[in-house]
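# Structure at a glance
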Amino acid sequence: MLDPKELKKTLNLPKTEFPMKASLPRREPEILKKWTEMKLYQRIRKEREGRPKFILHDGPPYANGRIHLGHALNKILKDFVVKSYSMMGYDAPYVPGWDCHGLPIEIKVENRIGRLEDKAKFRRECKKYAEKYVGLQRDEFIRLGVLGDWENPYLTMDPEYEAEIIRHIKGFFQRGEVYRARKPVYWCPHCKTALAEAEIEYHDHKSPSIYVKFPLLEPEKLSPSLEGKRVFVVIWTTTPWTLPANLAIALHPDYDYGVFRHGDEYYILARLLAPVVEEELGASFELVHKFEGKELEGFRARHPFLDRESVIVLADYVTLEQGTGCVHIAPGHGEEDYQTGLKYGLEVLSPVDDEGRFTGEVEFLKGKTVWEANPIVLEVLRERGMLLAQGEISHSYPHCWRCKGPVIFRATPQWFISMDRAGLRKRALEEIKKVRWIPSWGEERISNMIENRPDWCISRQRSWGVPIPVFYCKNCGEPLTKPEVMDRVAEVFEGEGSDAWFSHPPQYFIPQGVKCEKCGGREFVKENDIVDVWFESGTSHAILKHRPDHRWPADVYLEGNDQYRGWFHSSLLVALANEGESPYRQVITHGWVLDEHGRAMSKSMGNVIEPGEIIKDYGAEILRLWVAFLDYTEDVKLGENILQRLTEAYRKMRNTWRFMLGNLRDFVPEKDSVEEDQFLPSDRFILTKFRRLVERVKKLYENYQYYKIAHLLYDFFTVDLSSFYLDITKDRLYCSAPASPGRRAAQTAIFEMARDSMRLLAPILSFTSEEAWEHLPEFPEKKPSVHLEFFPPALPSLLSQEEERDWEVLMKYRDLANKALDQARKEGFIGNSLEASLVFYAPAEERKVLEKYSSHFLEIFIVSSWKIEEGEERVEVEKAPGKKCERCWVYHPEVGKDPEYPNLCPRCVAVVKELI
RNA sequence: GGGCCUAUAGCUCAGUCGGUUAGAGCGCACGCCUGAUAAGCGUGAGGCCGGUGGUUCAAGUCCACCUAGGCCCA
């Protein structure tokens, strides 16, 4: 007789080196090292060479700052796409890119070293800064487990890339889509420079607050009763100096306006605001006529002090918060004014120079600064009787971040790409329809944007960027935009980079003999402006043609949904104009990362979570699992609670793999695998379920539906494997003879499910599947990394339709049995379910099914004995007869009958005899 | 203010064409096991389907409005 300790040695208990504790923050870097050393990315490329390509083209993040969760979400999703398509059998390269030029870097550098007059030197500093962050971000992306050609990224500041930008600009010029026009920008008269929105600070500022009368022409057209009366449109402004540039007065189309009599004058203003104006004047008005704003559209008023007319227009942005509901419009001095001006075809007047002084266009103000002009304008208004009221107001006003002085809006010449001259807008709208947008509402979103966007202003008054390759005639100022000149610029940039623009004289770029088309002049000066960085990143599709590992167009662009306005938009316009087609076939967008309560993360809210913290505390794998479990097409939340749930889910999957590996410890696939006919019903049932799952998951990968994959696989691990199949097969695995057909059958099933679930999860759980893969038994075709594998091939179902229905019945009785066993346990009748014998009562049909499988009930129900009776469906619990076998713990009537092994059941006696 | 989007259990997700008592897993509670053990198994309790109104014999599902939140504009 063997004592329990010796008996335990005769069992095949699971054993594996694959640790239960993941220690991800420590282990992940080791796995990354393995991938680097084996050159995994290059190796995958090599193995997939010649296969159909699948191109995900990376949208370049901005090379500034450390990565945040939005970056992590984006890059991990891209990694899912690339890895899954690679495992489907495509040659799916991933070439990361960075957006390197632009204002934010300029601002950072300027903060550090001040503003340099020497542009070349300043640009060198900007370049260093960009390089530093490209390096930092690259390391952070690699740490996430993202596989790609990190040694050969594309940078928008690469000379070849800069040359492409020039060539694309040339294309727009050649097709006549580029024009030069004036547009108001923030301007600091002290620093004599244009400012971007990001360089503006808002401070309180005292301004005049005045009400001005504009005599309305032909008032009788509004109401016959006004014939011959002195009718005025009353506007309110805090910038009297912009009145010389007034060209229109805007009313809201739907608001209620009135004509109010005051003495022998009649004033037009919004009805709701009349009391405010009355108070300002200390007078009371009499309402003599009512109308809606839109009735006045197209009327004309006389300018209060210039010999010019001002047209009445309509604008939605007119509010009734202050003023008169009639808004003074100077298209050269305000963004909204400018937009309205465009709509109504108004001129862009801006009679103010670099220093904020009036030019000769306004004679009586010539040479005065705008601040000096204010009181003079007031005086003129007063003289003419056009000043209805005046006061002072303290309000929030834009100031220069550099000199802290107040800034103005001033129109300056800019370069524009026309949306309509060559039909760009129309073609873009057509092209959008050919693209697959995921989610589908993206199509409507980008269409609305393209439909309503103004012409694209591509010039910027900055220095860290690619120059607009234009020269001006020194003699007459005419721009030189010849394609051959731009070709030469591109050629120079390709060799020297765009720094060349700042270190060479114009003649370096201009072929001999080129003359000004207007005056024949031969001397030129270089353009100072650079191109909008959105144009730069919009040119990135060019790498698809230049890199041998790529192909034009891309299969997928995948970015946050802010990029409908950004990269998707600019890429479409730039590529479409130059290639005639959209650069992408599919566009996938993901949402924003919010905190646990669904609020945007911001420094001021103090709810920002850094990817680095999560990697340090949980591991990058948990972050990957987070991405996988969420419906990324919507905004996604992250917080402690969610991380806890994910960590638990991770542990469950890891442990399930660990248990499977433990049970495969002595399994040699090519030797020990059994034929189909050796499978027990439960093996066939679980394998069929699994094989179906494999096919579903592959389909879901094709359609980028990762959260469905994660849920399906996780549910399979917990419900089907852990709590069902792996629980019920323990008896077979542990207690049978090691090489018995039943045990080998279970191992064959487990091996298939372990191997193929690792393959299926490799794109998501890239680290853990790799680690588990190393512990999986060797087999002939096994690759040294799971990421070199293919997704599992389709395998046949092992159940007939009848057997599938049988399992529905069996599972129903399993539920009933569990409930009955739980009840018995609560009553203290049994502990371990093996102490029980079950009595099944079933209607005739179901009884037949139960009897068909009854020889497997020890396994399926984990009980020692059972009886099947006909009756209303229910399960009852009795004590199992016989004594407990000390080896397998099953109660059996014959325990004690074998004189040699009186503490064992017949099955175990046989096994032990075989082993000893 | 405009365009687009979201709202189902504590968390992550199902819920078909409008049709029985709105489902799953996790978490939680209670129990079992100690041969997956910083594991494993079982049972159970959790829902005003964001709100209001409408269409309909019937609404989580369709429509309108509102609220809260998100992205992009203004």
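Above this text sits the structure in question.
Residues numbered from 1 in each chain as written. Chains lettered and ligands numbered in written order. Predicted model: local features only at pLDDT ≥ 70, side-chain atom pairs only at ≥ 80, totals over all residues. Heavy atoms only, no water.

## Concerning the overall build of chain A
- The number of helices and strands found in chain A is 30 helices and 31 strands.
- Over its C-alpha atoms chain A spans a radius of gyration of 39 Å, topping by over 25% the 29 Å that the globule rule assigns to 916 residues.
- Counting over 916 residues, chain A shows a buried share of 57%.
- For chain A, the proportion of contacts with a sequence separation of at least 24, taken over those separated by at least 6, is 77%. (Helix = DSSP H or I, 4+ residues; strand = E, 2+ residues; numbered from the N terminus. Rg over C-alpha atoms; globule rule 2.2 N^0.38 Å. Buried < 20%, exposed > 50% of the residue type's maximum accessible area, 1.4 Å probe, protein only. Contact = heavy atoms within 4.5 Å.)

## With respect to the sheet that holds strand β7 (residues 248-251)
- The strand order across the open sheet built from four strands is β11-β12-β7-β13, with neighbouring strands paired in mixed fashion. One side of each edge strand has no neighbouring strand; the edge strands of this open sheet are β11 (300-302) and β13 (326-329). Looking at each pair of strands side by side, their axes are set apart by 30 degrees on average, direction ignored.
- Direction of pairing for β11 relative to strand β12 (residues 309-314): antiparallel, over a ladder of three bridges. Of the residues in β12, the one forming a bridge with R302 is E309.
- Running at roughly 95 degrees to β12, helix α9 (residues 335-344) makes contact with β12 and β13 of the sheet. (Pairing = 2+ DSSP bridges. Axes fitted to C-alpha atoms, helices over the stretch in contact; angles between N-to-C directions.)

## Here's the deal with the sheet that holds strand β23 (residues 554-560)
- The three strands are arranged β16-β24-β23 in an open sheet whose pairing can be described as parallel. Each of the sheet's edge strands pairs with one partner strand only, and the pair in question is β16 (436-438) and β23. Mean inter-strand twist for the sheet, computed between neighbouring axes without regard to direction, equals 15 degrees.
- Here β16 runs beside strand β24 (residues 584-590); their pairing, made up of three bridges, is parallel. Considered in β24, the bridge of W437 is made with V587.
- Contacting β23 and β24, helix α4 (residues 69-88) runs over the sheet at an angle of about 155 degrees to β23.

## Concerning the environment of A737
- With respect to the helices and strands, A737 occurs in the loop between α24 (730-735) and α25 (741-761).
- Residue A737 is classed as buried on the basis of its relative accessible area, which comes to 5%.
- The spatial distance from the C-alpha of A737 to the C-alpha of N12 is 8.1 Å, given a sequence separation of 725 residues.
- Aside from chain neighbours lying at most four places away, what touches A737 is N12, R743, V911 and E914.

## Some thoughts on empty space enclosed by the protein
- Throughout the structure, instances matching the rule amount to two cavities of 30 Å³ or more.
- By volume, the largest cavity amounts to about 90 Å³.
- Taken together, Y41, I44, R45, V82, K83, S86, M87, A92, L147 and H787 make up the lining of the largest cavity.
- Of all elements in the fold, only α3 (40-48) and α4 reach the threshold of two or more residues within the lining of the largest cavity.
- Sorting elements by how many residues they give to the lining of the largest cavity places α4 first, with four residues.
- Broken down by class, the residue content of the lining of the largest cavity amounts to six nonpolar, two polar and two charged.
- Taken as a whole, the second largest cavity holds about 40 Å³ of empty space.
- Lining the second largest cavity we find F690, R691, V694, E695, E752, D756, P792, P793, A794 and L795.
- Elements with a minimum of two residues in the lining of the second largest cavity: α22 (681-702) and α25.
- No other element matches the four residues that α22 contributes to the lining of the second largest cavity. (1 Å grid on protein atoms, 1.4 Å probe; cavity = no way out; pocket = protein on both sides within 12 Å on 5 of 7 lines; lining within 4 Å. Points joined across faces, edges and corners; volume = space filled by probe spheres on them. Nonpolar A, V, L, I, M, F, W, Y, C, P; charged D, E, K, R; others polar.)

## Observations regarding the nonpolar core
- One finds W626, Y704 and Y725 to be the most contacted residues of the largest nonpolar core, which totals 162 residues.
- Looking at this core element by element, the count peaks at eleven residues for helix α23 (residues 706-728).
- Apart from the residues within four sequence positions on either side, Y704 is in contact with F54, V81, Y85, R436, I438, V556, Q586, I588 and Y632.
- The next biggest cluster of nonpolar side chains, apart from the first, holds 67 residues, and it includes I210, W241, V352 and Y397. (Core = buried A, V, L, I, M, F, W, Y, C linked by side-chain atoms within 4.5 Å.)

## Description of unusual backbone geometry
- Here the residue pair I438 and P439 is connected by a cis peptide bond, since its omega of 0 degrees sits within 30 degrees of zero.
- Its place among the elements puts P439 in the loop between β16 and α12 (442-452).
- Following W552, the chain continues to P553 via a peptide bond in cis, the omega torsion being -5 degrees.
- Relative to the assigned elements, P553 resides in the loop between α16 (542-546) and β23.
- The backbone of E218 shows a phi angle near 50 degrees, a positive value even though the residue is not glycine.
- When you line up the elements, E218 lands in the loop between β5 (200-215) and β6 (230-237).
- Non-glycine residue W889 carries a positive phi angle of around 70 degrees.
- Structurally, W889 is set in the loop between β30 (883-884) and β31 (891-892).

## A closer look at the side chain of D337
- As for its placement among the helices and strands, D337 is situated in helix α9.
- No salt bridge is formed by the buried D337; its nearest oppositely charged neighbour, R308, is found at 11 Å.
- Once residues within four sequence positions are removed from consideration, D337 is found in contact with Y317, H328, I329, A330 and P331. (Lys, Arg positive; Asp, Glu negative; His and termini not counted. Salt bridge = Lys/Arg side-chain N within 4 Å of Asp/Glu carboxyl O.)

## Considering the packing of aromatic side chains
- Within this structure, the stated rule accounts for 54 aromatic pairs.
- Plain terms: the ring middles of F80 and Y706 are 5.2 Å apart, the flat faces sit at 65 degrees to each other, and that makes the pair edge-to-face. Placement of the pair is F80 in helix α4 and Y706 in helix α23, with a sequence separation of 626 residues.
- The exposure class assigned to Y706 is buried, which follows from its relative accessible area of 1%. (Phe/Tyr/Trp six-rings, centres within 6.5 Å; stacked < 30°, edge-to-face > 60°.)

## Description of the protein's contact with RNA strand B
- Around RNA strand B lies a shell of 54 residues, among which D631, D635, Y707, S722 and Y734 are the nearest.
- Looking at RNA strand B alone, sugar and phosphate atoms form 81% of those within 4 Å of the protein.
- At a separation of 2.9 Å, a sugar or linking oxygen of RNA strand B approaches a polar backbone atom of F629.
- For RNA strand B, a sugar or linking oxygen lies 3.5 Å from a polar atom in the side chain of R825. (Near = heavy atom within 4 Å. Polar contact = N/O pair within 3.5 Å; in protein donor to acceptor, adjacent residues only side chain to side chain.)

## As for the layout of surface pockets
- Counted as a void, the second largest pocket has a volume near 1100 Å³.
- The set of elements that each furnish at least two residues to the lining of the second largest pocket consists of β6, β13, α9, β14 (387-400) and β15 (408-417).
- When residues of the lining of the second largest pocket are assigned to their parent elements, the largest contribution, five residues, is made by β14.
- Of the residues in the lining of the second largest pocket, the class split is 15 nonpolar, 14 polar and four charged.

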